[in-house]
Amino acid sequence: MTAFAAADSMAAVLQQAVAGDEVAFARIVAAYHGDMLRVAYGICGEQSLAQDAVQAAWLIAWRKLRTVRQPDRLRSWLVAVAANEARHVVQRRGRRRLVELALEPPDIGSPDPADEIRRVDLVNALQRLKPDERSLIALRYGADLHSDEIGPLLGLTASGVRARLARLMTKLRKELGDA
């Protein structure tokens, strides 16, 4: 199936869902749930919180699906709804968590323990960012949206998105000692 056929197909599914077809809505959920969960996890940093945020996002999506004017932007709209809900979850929670390492004896042929330390450092550095900053990173790198897709979702220009991302990446590199 070509990209155009897939887009036309999803536009038809969207119309059916707007008309109240629950099976059509289930197809939308199946198509985009993973993207939404990935972005929410990037913002929340915990699987259970991300799942709660995405669940709340789906309820909002069901109620507001008829407001989607451009069917080709359905994915970015859904991801933005999930990002907003994830930010709300983080703000309500009000505290940050640290990732701890489980100390187990290394297996022969196991990956380099330094890789796990770098991953934990990155997770902790991301947790120190504001929810809006994590949201921007999650939309770009978690959902693989481009700046021209993110901009309208956040009320920014595409160049504004790129500038903020560049500042955030510089900040993260500096904190991680990679600058």
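Residues numbered from 1 in each chain as written. Predicted model: local features only at pLDDT ≥ 70, side-chain atom pairs only at ≥ 80, totals over all residues. Heavy atoms only, no water.

Enquirer: Lay out the packing of aromatic side chains with the relevant residues and their values.
Expert: Counted according to the given criterion, the structure contains two aromatic pairs. Aromatic side chains Phe25 and Trp58 sit 5.6 Å apart centroid to centroid with 90° between the ring planes, which places their arrangement in the edge-to-face category. Residue Phe25 is found in helix α2 (residues 22-44), and its partner Trp58 is found in helix α3 (residues 47-64); the two are separated by 33 residues along the sequence. Here Phe25 falls in the buried class, since its relative accessible area comes to 12%. Overall, the relative accessible area of 7% leaves Trp58 in the buried class. (Phe/Tyr/Trp six-rings, centres within 6.5 Å; stacked < 30°, edge-to-face > 60°. Helix = DSSP H or I, 4+ residues; strand = E, 2+ residues; numbered from the N terminus. Buried < 20%, exposed > 50% of the residue type's maximum accessible area, 1.4 Å probe, protein only.)

Enquirer: Lay out the nonpolar core in plain terms, naming residues and giving numbers.
Expert: The biggest cluster of nonpolar side chains holds 48 residues, and the ones touching the most others in it are Ile28, Trp58, Leu74 and Leu78. Counting residues per element, the ones that place at least two in this core are α1 (3-18), α2, α3, α4 (74-93), α5 (113-127), α6 (131-142) and α8 (158-176). In contact with Ile28, other than residues within four places in its own chain, are Met10, Val13, Leu14, Ala17, Trp58, Leu65, Leu74 and Leu78. (Core = buried A, V, L, I, M, F, W, Y, C linked by side-chain atoms within 4.5 Å. Contact = heavy atoms within 4.5 Å.)

Enquirer: Lay out unusual backbone geometry with the relevant residues and their values.
Expert: Note: most peptide bonds trans; most residues except glycine with negative phi. Phi at Asp144 is positive, roughly 60°, even though this residue is not glycine. Tracing the sequence through the fold places Asp144 in the loop between α6 and α7 (147-154). A residue is classified by how much of its surface remains accessible, and Asp144, at 49% relative accessible area, is partly exposed.

Enquirer: Which residues make up the side chain of Ser76, and what values go with them?
Expert: Mapped onto the secondary structure, Ser76 falls in helix α4. Only 3.0 Å separates the side chain of Ser76 from the backbone oxygen of Arg73, close enough to count as a polar contact. Setting aside residues no more than four positions away along its own chain, Ser76 makes contact with Leu145 and Leu153. (Polar contact = N/O pair within 3.5 Å; in protein donor to acceptor, adjacent residues only side chain to side chain.)

Enquirer: Go over the pattern of salt bridges with me, naming the residues and quoting the values.
Expert: This structure, assessed with the given rule, holds six salt bridges. The residue Lys171 makes a salt bridge to Glu133 at a minimum N-O spacing of 3.8 Å. Within this pair, whereas Lys171 is found in helix α8, its partner Glu133 is found in helix α6, the two being separated by 38 residues in sequence. Across the salt bridge formed by Arg140 and Asp144, the nearest N and O atoms sit 3.3 Å from each other. One salt-bridge network, held together by shared partners, links Asp35, Arg38 and Arg75. (Salt bridge = Lys/Arg side-chain N within 4 Å of Asp/Glu carboxyl O.)

Enquirer: Give a description of the packing of α2 against α3 that names residues and reports values.
Expert: Between α2 and α3, the shortest axis-to-axis distance is 8 Å and the interhelical angle comes to 140°. The orientation of α2 with respect to α3, classified from their angle, is oblique. For the pair α2 and α3, the sense of crossing is right-handed. Contacts from Glu22, Phe25, Ile28, Val29, Tyr32, His33, Met36, Leu37, Ala40, Tyr41 and Cys44 of α2 reach α3 at Gln47, Leu49, Ala50, Gln51, Ala53, Val54, Ala57, Trp58, Ala61 and Trp62. Residue classes in the contact of α2 with α3 are distributed as 17 nonpolar, three polar and one charged. (Axes fitted to C-alpha atoms, helices over the stretch in contact; angles between N-to-C directions. Parallel < 35°, antiparallel > 145°, perpendicular 65-115°, else oblique. Left-handed = near helix turned anticlockwise from the far one by under 90°. Nonpolar A, V, L, I, M, F, W, Y, C, P; charged D, E, K, R; others polar.)

Enquirer: Could you give me a rundown of the packing of α4 against α6, with the residues and numbers involved?
Expert: Running from amino to carboxyl end, α4 crosses α6 at an angle of 150°, the nearest separation of the two axes being 10 Å. Here α4 is positioned roughly antiparallel relative to α6, judged by the angle of their axes. As α4 packs across α6, the resulting crossing turns out to be right-handed. Residues Val79, Ala80, Ala83, Arg87, Val90 and Gln91 of α4 lie in contact with α6, whose contacting residues are Pro131, Asp132, Arg134, Ser135 and Leu139.

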